[in-house]
Amino acid sequence: MKLYCDPISTTSRPVLMFIADHGLDVEVVKVDLMAGGHRDPEYLALNPNGIVPFLVDGDFRLGESAAILKYLALRSGSAAYPADLPAQLKADEALSWFATQFHEYFCVMVCYPNMGVPHGMSPAQLGDLMAYGHEHAPRWLKVLDEHMLAGRAYVCGDQISLADYLGLSFVLLGGLANYDFSSYPNITAWIARMQARPSYAPTYAAFDTMVAFMRPQEAA
Ligand SMILES: N[C@@H](CCC(=O)N[C@@H](CS)C(=O)NCC(=O)O)C(=O)O
């Protein structure tokens, strides 16, 4: 099985951390986003979307981080994607929530503009987008803090689920914005819980280095 990915990619890290946690035998093939590897004709022939992550297992090919996480969890019998249907659907619900509401308002509007993304927007447009995001993202951060993580260790209960792997990567994008999570105690505790896993440091090393490079004064 091969996973095409880049540790600098927000949607690759959840899959890499899941693989590390479960000790899965997956060959990791780096598609260097900074060098434009995702636009190589060879990679586009494999995945016409030109994005990572992407999984190849024999003749089976699969894109989308949430689908890849589910495939790996089902193949390995991981409890992070429970067999019990209601519990599984709660994991699906949280995965979709992170990938839609949370991603849109927090990742796209608050975080990525700090990297000049979406490309092609003027500094003023990026500033407006960020201002809108800062105004509206707290609605979703409050749901995560006051409901999804209230009184429980992980997003779907006392056991880690696929939603924690995906959600962590999206929440930690806040590093690009030097986002202050101190008014969200349950989120802060959950981040610390996830960062204490041995799989965290190797998976997030490249991202943490990038954040420190972008914000040397705060990191010092
Ligand atoms: N919905 C996709 C998003 C994948 C995605 O946008 N990947 C980014 C890196 S985080 C990418 O490959 N971007 C390259 C591009 O957009 O050209 C998933 O969850 O896998």
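Please refer to the structure placed before this passage.
Quick caveat: nothing in here was measured; it's all calculated off a predicted structure.

S.K.: Can you help me understand the overall build of the protein chain in this one?
M.R.: Within the protein chain, the regular secondary structure consists of 9 helices and 4 strands. For the protein chain, the sequential pattern of α-helices and β-strands runs β-α-β-α-β-β-α-α-α-α-α-α-α. Since a compact globule built from 220 residues should have a radius of gyration of about 17 Å, the 17 Å found for the protein chain is in line with a globular shape. Its C-alpha atoms give the protein chain principal-axis dimensions of roughly 45 × 45 × 30 Å. Within the protein chain, residue pairs in contact and separated by at least 24 positions form 68% of the contacts whose partners lie at least 6 positions apart.

S.K.: So what exactly am I meant to see when it comes to the environment of S183 here?
M.R.: For S183, the position within the fold is in the loop between α6 (162–172) and α7 (185–195). Since 11 C-beta atoms lie within 10 Å of it, S183 is described here as exposed. It is 9.4 Å that separates the C-alpha atoms of S183 and K142, two residues lying 41 residues apart in sequence.

S.K.: What am I meant to see in the site of the ligand here?
M.R.: For the ligand, the full set of nearby residues is S9, T10, T11, L33, H38, G50, I51, V52, P53, E64 and S65. Partitioned by chemical class, the residues of the shell around the ligand number 4 nonpolar, 6 polar and 1 charged.

S.K.: What exactly am I supposed to notice about the nonpolar core here?
M.R.: Considering soluble globular proteins, one finds that nonpolar side chains tend to be buried as a cluster. With 59 residues, the main nonpolar core has L69, L162, A163 and L166 as its most contacted residues. Considering each element in turn, this core owes the most residues, 11 residues, to helix α4 (residues 85–111). Each of two domains, domain 1 (2–76) and domain 2 (85–219), supplies a minimum of three residues to this core. For A163, the residues in contact, after removing those within four places along its chain, are A91, A94, L95, F98, V155 and C156.

What counts as what
Residues numbered from 1 in each chain as written. Predicted model: local features only at pLDDT ≥ 70, side-chain atom pairs only at ≥ 80, totals over all residues. Helix = DSSP H or I, 4+ residues; strand = E, 2+ residues; numbered from the N terminus. Rg over C-alpha atoms; globule rule 2.2 N^0.38 Å. Contact = placed C-beta atoms within 7 Å. Buried ≥ 20, exposed ≤ 12 C-beta atoms within 10 Å, placed from the backbone. Near = placed C-beta within 6 Å. Nonpolar A, V, L, I, M, F, W, Y, C, P; charged D, E, K, R; others polar. Core = buried A, V, L, I, M, F, W, Y, C linked by C-beta atoms within 7 Å. Domains from an automatic or database assignment.

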